[in-house]
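These are the residues of each chain, in order.
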Amino acid sequence: MAENTPPIDAKLLEILRCPVAVHYKDKGADPGKLELVKGCWLVSADSGYKYPIRDGLPVMLIDEGAKWKDTPVEDLPVPPPAE
């Protein structure tokens, strides 16, 4: 990936949702939005789940997000470790 290339397309980031938080009924009309952090993680403020981006692909598996849920954002490894 070139240095100036974003790790994830902005349009994809706009439509992706946390597969856990998207079902929440108490988080407004559009729950599960994700924020790009550290250039290689997608974080859901609604659920606390954190999903790595590996080789340019977001790993949106619930088990993967749950694995990192209790890790503070500042402690997330860069780059994310391989599975």
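If you're wondering where the values come from, they're calculated on a predicted model, not measured in any experiment.

A. Just the overall build of the chain, in detail. In terms of helices and strands, the chain carries 2 helices and 4 strands. Counting helices and strands in the order they occur from the N terminus, the chain gives α-β-β-β-β-α. Over its C-alpha trace the chain gives a radius of gyration of 12 Å, about what one expects of a compact globule, namely 12 Å for 83 residues. Each principal axis of the C-alpha atoms in the chain carries an extent, and together these give about 40 × 25 × 20 Å. A total of 83 residues make up the chain; the buried ones form 39% of that total.

B. Molecular detail of the pairing of strand β2 (residues 41–44). Burial along β2 is two-sided: the face carrying W41 and V43 and the face carrying L42 and S44 are both buried. Bridge analysis of strand β1 (residues 34–37) against β2 gives 4 bridges, and the strand direction is antiparallel. Of the residues in β2, the one forming a bridge with V37 is W41. Linking β1 to β2, which pair antiparallel, is a turn of 3 residues; within it K38 sits at a positive phi near 55 degrees.

So, how was this worked out
- Residues numbered from 1 in each chain as written.
- Predicted model: local features only at pLDDT ≥ 70, side-chain atom pairs only at ≥ 80, totals over all residues.
- Heavy atoms only, no water.
- Helix = DSSP H or I, 4+ residues; strand = E, 2+ residues; numbered from the N terminus.
- Rg over C-alpha atoms; globule rule 2.2 N^0.38 Å.
- Buried < 20%, exposed > 50% of the residue type's maximum accessible area, 1.4 Å probe, protein only.
- Pairing = 2+ DSSP bridges.

In short, the description is geometric, and any link to function would need to be established separately.
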